[in-house]
Amino acid sequence: MSSSTTATTGEVTGGSAAPAGRGREPRGPGLMAGPVGRNLGLVVALVILCVVGLITAGDRFADVDNVLTILRGASIVGVVSIGMTFVIIGGGIDLSVGAIAALSSVWATTLATQQLAEDVHWIVMVVTALVVGAVAGLVNGVVIAYGKLAAFIATLAMLTAARGLAEILANRRTQIVRDSDFLDFFSGDVLGVPTLVIIFALVSVAGWVLLNRTTFGRRTFAVGGNAEAARLAGIRVQRHTVKLYVLSGITCGIAAVMIMGRTTTGSSTHGTLWELEAIAAVVIGGTLLIGGRGTIVGTVLGVIIFFTLGNVFTLNDLSSSAQAVARGIIIVAAVLLQQRLATGSFTFRRPGDGGSPTGAAVAQGSPAGAVSGGTSDPGGPGGARPGLPPT
Amino acid sequence: MSSTQGHAPLLEMHGIVKTFPGVRALDGVDLDVRAGEVHCLLGQNGAGKSTLIKVLAGAHQPDGGRITWRGEEVTLGSPQAAMSLGIATIYQELDLVSGLTVADNIFLGREPARFGITRAAVANAAASRLLTRLGHPEIRPTAEVGSLSAAAQQMVSMARALSQDARLIVMDEPSAVLDNEEVERLFAVVRDLTASDVAVVYISHRLEEIRQIGDRITVLKDGATVATGLPTRETPTREVITLMTGRAIEYVFPERRARAASDQAPLLEVQGLSLRGSFSDVSFSVRPGEIVGLAGLVGAGRSEILETVFGARRATTGTVRVGGKRLRTGDVGGAVAAGVGLAPEERKSQALLLGDSVYRNISISSLARFARGGFLARGSERAAASEQVRSLDVRPADVDREVRTLSGGNQQKVVLARWLLRECRVLLLDEPTRGVDVGARSEIYALVRDLADRGVAVVVVSSEIPEVLGLADRVLVVADGAVVAEERADALDEHRVLDLVMEGTAHQGVPVPATTQHEGDVA
């Protein structure tokens with residue numbers, strides 16, 4: 001049947017050609033609507049940030065070691081952000097990344113694991129961390145996809161549960177990594193580039209390929225963009241959702257190994273607030289919190305911008321509190337800017353649902369649609385309510 | 001009815017036009033409503049009723065046309081503007097805040113207050129008065145709205161409209177969530193309102209109900225008024241249905257194949273399929289190369305049948321076989337793997353990834369074919385999609401274009417291209433020409449027939465009876481969730497189908513309303 005497909009259809013359409021309908025309006029998107037344009041905006045932001053750094057801190061900022069410090073800092077959260085990007089494009093959210101990383105780091109540094117690692121190879125610790133992350137992600141995914149829990153709730157529960165389990169395992173103590181080969185490997189560098197940065201780069205490239213060149217990536221966009229349409233197109237949406245959270249869990253495991261290398265410890269306090277940093281990086285990177293759109297490049301730039309900002313502040317002896325305020329402003333500014341630049345492709349106002357006035361909106365004197373669009377959450381370009389995506 | 005004759009029009013809408021990207025939702029709608037009448041608005045899904053009431057509510061701005069309110073031309077620039085004139089709308093999905101009390105909801109945004117402190121007692125007393133006026137004193141103003149029944153919630157919505165001193169209340173399918181007794185009480189409220197000169201625009205699919213409560217009828221079809229000011233009681237039901245479903249233009253249907261495909265084994269076999277609350281014991285089979293149509297009115301269960309066959313809904317009982325192999329119920333992935341494709345009724349929300357490009361929308365069901373070890377061969381993926389775009393004549397022929405910018409007809413072609421690329425053997429089409437303009441319809445018809453000629457088994461559902469009759473080889477008439485007749489398409493005509501539908505509906509025991517009982521109240 002496949003071979004005859006083209007020939008026959010060609011005849012038929014040739015015979016019944018009629019004028020096409022309306023709807024030939026030009027493509028609406030704004031100036032920087034495409035992924036490339038959005039990322040260009042991020043590059044510009046990063047350049048501006050670097051100029052500010054150069055002006056205020058001069059050589060101390062431009063120093064190679066300083067640049068490596070920024071990248072080393074960014075790399076661990078960066079790996080987590082890659083996993084987070086997949087989850088968010090797929091229409092979900094993962095609040096448990098920091099806690100899963102903590103649990104992985106503790107599990108990989110228990111006496112038993114380290115003993116086994118001593119007998120076999122330090123790779124045992126790495127594998128342990130990855131498996132723990134993957135299993136925690138699997139639990140998240142199953143609860144969300146098959147238990148029909150909101151991702152926000154399910155991963156919030158995992159956040160507290162995983163950290164609690166980590167505390168129980170570690171008995172609230174910090175566990176020292178004894179394997180010196182492990183430490184040498186992860187604190188070392190290759191041709192001057194720290195191993196951590198290389199890992200981040202590898203994970204980013206792998207993430208990019210997975211998102212843009214595989215069926216998995218394509219399905220992720222479809223599931224996040226319109227889950228019902230994806231389901232009716234034959235995609236097994238629940239199964240795919242599970243895979244997304246497993247993927248996120250694995251990146252948490254990788255991040256756990258990295259933080260073990262950097263701090264030489266496994267601890268239940270590792271990874272505090274990573275979820276916020278990762279979500280912030282993803283959002284700054286232009287990924288829609290409602291799912292269906294996003295880029296790995298954007299996320300990488302988002303992470304680097306986030307950590308460069310911190311570095312500039314530190315070099316200028318500004319308090320970490322001021323830094324926190326600035327980060328908050330940056331998140332809002334980044335999203336606002338992207339919305340402005342990308343009007344058209346970002347406004348998800350379809351005929352039909354765009355102007356349906358709820359009585360509340362009417363009565364409160366706000367124009368239709370402004371109720372959802374005006375939520376204070378920074379991550380909601382397009383006016384959708386972020387945070388609680390349908391599963 | 002004669003009592004309404006003397007009133008000057010309260011509202012006149014003339015030549016209202018509203019376009020959305022790719023769709024002309026309203027294309028010249030006329031409507032005039034008199035004070036104190038119940039004016040019924042009829043039309044199939046997609047005829048433009050919802051858009052029209054949103055224009056009336058100030059939520060959509062029309063692109064053309066005139067609106068006159070009490071003799072003066074007005075612009076309904078915002079919901080507030082409409083409301084301040086005295087136009088209130090009660091939406092189908094009630095727009096109440098379920099966590100607030102009845103009184104809070106009624107006065108939302110206009111809470112009686114002194115120095116910013118709300119005065120609950122005043123609000124409760126006022127709410128109580130309104131609800132009593134509506135004949136529902138049993139609804140407590142302090143009750144949480146979420147705890148109320150659908151009927152009671154509707155009364156709260158209505159009380160809100162009254163509290164705003166509405167002169168015209170639009171009710172969008174108010175009876176959809178009510179049982180018979182509640183509908184009777186709703187009607188009593190509506191009669192009360194009209195007695196005090198409030199006008200009601202009443203939307204419903206239930207024709208019997210309209211006959212009972214309505215004074216005049218306006219029928220919309222394809223975004224335009226096809227009849228207005230019909231007297232409710234003198235217009236035969238069949239005429240109303242014909243106005244709603246009849247063809248406005250003679251469409252060109254492709255010729256049927258000369259020989260009937262009776263020699264081949266059925267490709268799709270549906271046996272005793274039931275879905276609780278929707279349809280029961282539906283059986284039919286489709287041979288390769290055959291087009292089977294399901295005809296019936298909205299709400300008869302046609303779409304549900306298709307979606308259940310496809311596995312998008314889990315059947316209560318019954319089996320679906322494709323090529324002799326039984327499908328697992330409720331498993332879309334399995335159905336697609338077996339070669340079944342569905343072009344669903346709501347293209348935008350159920351089929352398309354609107355923000356994605358055309359080629360991605362086409363290839364989404366066939367990704368595995370272009371993948372090696374999970375990696376997509378994007379070159380061949382795009383080429384295959386381009387080929388479909390060319391052969392189906394999707395315009396513009398640009399596979400990188402965002403699918404949302406295409407017209408309805410071209411979007412539908414994209415959905416068909418998806419299943420063509422998948423090489424599906426069974427194609428289920430739900431309202432294949434909904435929102436598709438006239439020119440593109442014949443193309444879609446030709447395409448469907450061509451698919452059948454290539455051996456695909458096709459099932460078509462449509463609200464437009466002529467479409468089903470023109471396109472299908474065999475027609476199943478569905479009424480109230482049951483197949484009431486099965487005939488060759490050329491042995492049927494529209495009137496015969498309507499007769500069958502009405503007979504079927506009567507047999508299924510839909511309550512025949514006690515029209516006479518209330519006649520006196522209105523006239």
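Residues numbered from 1 in each chain as written. Chains lettered and ligands numbered in written order. Predicted model: local features only at pLDDT ≥ 70, side-chain atom pairs only at ≥ 80, totals over all residues.

Student: Run through the overall build of chain B, naming residues and quoting values.
Tutor: On a plain count of helices and strands, chain B comes out with 19 helices and 24 strands. Here chain B has a C-alpha radius of gyration of 25 Å; the compact-globule value for 523 residues is 24 Å, and the two agree. Projected onto the principal axes, the alpha-carbon positions of chain B cover approximately 70 × 50 × 40 Å. When each of the 523 residues of chain B is scored for burial, the buried share is 53%. Counting only contacts in chain B whose residues sit at least 6 apart along the sequence, the fraction spanning at least 24 positions is 68%. (Helix = DSSP H or I, 4+ residues; strand = E, 2+ residues; numbered from the N terminus. Rg over C-alpha atoms; globule rule 2.2 N^0.38 Å. Buried ≥ 20, exposed ≤ 12 C-beta atoms within 10 Å, placed from the backbone. Contact = placed C-beta atoms within 7 Å.)

Student: I'd like a rundown of the overall build of chain A, residues and numbers included.
Tutor: Scanning chain A from terminus to terminus reveals 18 helices and 4 strands. For chain A, long-range pairs separated by at least 24 residues make up 77% of all intrachain contacts whose partners lie at least 6 apart in sequence.

Student: Tell me about unusual backbone geometry, residues and numbers included.
Tutor: Omega for the bond connecting Arg-395 of chain B with Pro-396 of chain B falls within 30 degrees of zero, at -5°, which places this linkage in the cis form. When you line up the elements, Pro-396 of chain B lands in the loop between helix H14 (378-392) and helix H15 (408-421). Residues other than glycine seldom take positive phi values, yet Leu-191 of chain A does so here, at roughly 50°. With respect to the element layout, Leu-191 of chain A can be found in the loop between strand E2 (189-190) and strand E3 (193-194). Positioned with a positive phi, Arg-70 of chain B is a non-glycine residue whose angle comes to about 50°. With respect to the helices and strands, Arg-70 of chain B occurs in the loop between strand E4 (64-69) and strand E5 (72-73). Its 14 C-beta neighbours within 10 Å are what place Arg-70 of chain B among the partly exposed residues.

Student: Can you explain the confidence of the model for chain A? Please cite residues and give values.
Tutor: All names here are of chain A. Of all residues in chain A, 77% attain a pLDDT of 70 or more, and the chain-wide mean is 80. Here residues 1-32 is a poorly scored stretch, pLDDT under 50, and it has 71 contacts once near neighbours within four places are set aside; other chains count. Every residue in residues 344-391 is under pLDDT 50, and counting partners more than four places away or in other chains gives 108 contacts. (pLDDT = per-residue confidence, 0-100.)

Student: Would you mind going over the sheet that holds strand E16 (residues 317-322) of chain B in detail, with residue names and values included?
Tutor: All names here are of chain B. Pairing within the open sheet is antiparallel, and its 4 strands lie in the order E14-E13-E16-E17. Here the strands that pair on one side only, and so sit at the sheet edges, are strand E14 (279-286) and strand E17 (325-326). Of the strand pairs in this sheet, strand E13 (residues 268-275) and E14 are connected by 5 bridges, and their pairing is antiparallel. Paired with Leu-275 across the strands is Phe-279, a residue of E14. (Pairing = 2+ DSSP bridges.)

Student: Explain the environment of Cys-424 of chain B to me, and be specific about the residues and the numbers.
Tutor: Residues and elements named next belong to chain B. Among the structural elements, Cys-424 can be located in the loop between H15 and strand E21 (426-430). Sequence separation between Cys-424 and Arg-206 is 218 residues; the distance between their C-alpha atoms is 37 Å. Not counting the four nearest positions on each side in its chain, Cys-424 is found in contact with Gly-339, Val-340, Gly-341, Trp-419 and Val-456.

Student: Residues and numbers for the confidence of the model for chain B, please.
Tutor: All names here are of chain B. Here chain B averages 84 in pLDDT, while 91% of its residues score no lower than 70. Across residues 1-6, confidence stays below pLDDT 50; counting only partners more than four residues off in sequence or on other chains, it has 8 contacts. A low-confidence stretch, residues 507-523 (pLDDT under 50), is modelled with 18 contacts involving residues beyond four sequence positions or located in other chains. Here the complex is predicted with pTM 0.74, and the ipTM for its interfaces comes to 0.71.

Student: Please set out helix H6 (residues 150-163) of chain B residue by residue, giving values where relevant.
Tutor: Residues and elements named next belong to chain B. The end-to-end C-alpha distance of H6 is 20 Å, a good match for the 20 Å that 14 residues give at a rise of 1.5 Å each. Among the 14 residues in H6, 10 count as buried, and that is most of the element. Every buried residue of H6 is listed here: Gln-153, Gln-154, Met-155, Val-156, Ser-157, Met-158, Ala-159, Arg-160, Ala-161 and Leu-162. Backbone geometry just downstream of H6 places Asp-165 in the positive-phi region, at approximately 65°. (Expected span 1.5 Å × (residues − 1).)

Student: So what's going on with the sheet that holds strand E18 (residues 340-343) of chain B? Residues and values would help.
Tutor: Residue and element names in this part refer to chain B. Read from one edge of the open sheet, 6 strands run E18-E21-E22-E15-E23-E24, paired in mixed fashion. Each end of this open sheet is capped by a strand with a single partner; those strands are E18 and strand E24 (482-488). Neighbouring strand axes in the sheet, compared pairwise and without regard to direction, differ in orientation by 15° on average. Sheet analysis places E21 next to strand E22 (residues 457-462), joined by 5 bridges and oriented parallel. Within E22, the residue paired with Leu-427 across the bridge is Val-458. (Axes fitted to C-alpha atoms, helices over the stretch in contact; angles between N-to-C directions.)

Student: Before we move on, could you go through the packing of helix H5 (residues 120-133) of chain B against H6 of chain B and cite the residues and values that matter?
Tutor: All names here are of chain B. At a closest axis distance of 9 Å, the pairing of H5 and H6 adopts a crossing angle of 110°. Regarding the angle of H5 to H6, the classification is roughly perpendicular. Where H5 abuts H6, its residues Ala-127, Leu-130 and Leu-131 lie against Met-155, Ala-159, Leu-162 and Ser-163. Residue composition of the contact of H5 with H6, by class: 6 nonpolar, 1 polar and no charged. (Parallel < 35°, antiparallel > 145°, perpendicular 65-115°, else oblique. Nonpolar A, V, L, I, M, F, W, Y, C, P; charged D, E, K, R; others polar.)

Student: Please provide a residue-by-residue account of the packing of helix H4 (residues 64-89) of chain A against helix H13 (residues 237-263) of chain A, values included.
Tutor: Residues and elements named next belong to chain A. Relative to each other, H4 and H13 sit at 180°, their axes nearing to 8 Å. When the axis of H4 is compared with that of H13, the two are roughly antiparallel. Every residue of H13 that contacts H4 at Ser-75, Ile-76, Val-79, Val-80, Ile-82, Gly-83, Met-84, Phe-86 and Val-87 is listed here: Leu-244, Tyr-245, Leu-247, Ser-248, Ile-250, Thr-251, Cys-252, Ile-254, Ala-255, Met-258, Ile-259 and Arg-262.

Student: Give me the lowdown on the pairing of strand E9 (residues 168-172) of chain B, citing residues and values where you can.
Tutor: Residue and element names in this part refer to chain B. The element E9 is extensively covered by neighbouring structure, given that 5 of its 5 residues are classed as buried. With burial as the criterion, each face of E9 is covered, one bearing Leu-168, Val-170 and Asp-172 and the other bearing Ile-169 and Met-171. Alignment of strand E6 (residues 87-90) against E9, held across 4 bridges, turns out to be parallel. Looking across to E9, one finds that Thr-89 is bridged to Val-170. Sheet analysis places E9 next to strand E10 (residues 199-203), joined by 5 bridges and oriented parallel. Note on E10: the bridge partner recorded for Leu-168 is Ala-199.

Student: A description of the domain arrangement of chain B should follow, citing residues and the corresponding values.
Tutor: For chain B, the domain assignment lists domain 1 (1-86 + 167-245), domain 2 (97-164) and domain 3 (268-507). If you average the C-alpha positions of domain 2 of chain B and of domain 3 of chain B, the two centres end up 46 Å apart. (Domains from an automatic or database assignment.)

Student: Kindly report on the environment of Asp-331 of chain B, identifying the contributing residues and their values.
Tutor: Its location among the elements puts Asp-331 of chain B in the loop between E17 and helix H11 (332-337). In the structure, Asp-331 of chain B is positioned 18 residues away from Arg-313 of chain B in sequence and 8.4 Å away in space, judged by C-alpha atoms.

Student: Mind laying out the environment of Asp-356 of chain B, listing which residues take part and the relevant values?
Tutor: Of note, Asp-356 of chain B is situated in the loop between helix H12 (347-351) and helix H13 (358-363). For Asp-356 of chain B, a count of 21 C-beta atoms within 10 Å puts it in the buried group. Along the chain, Asp-356 of chain B and Arg-287 of chain B lie 69 residues apart, while their C-alpha atoms are 35 Å from each other. The residues touching Asp-356 of chain B, leaving out its near neighbours within four places in the chain, are Phe-221 and Gly-225 of chain A together with Asn-361 and Val-403 of chain B.

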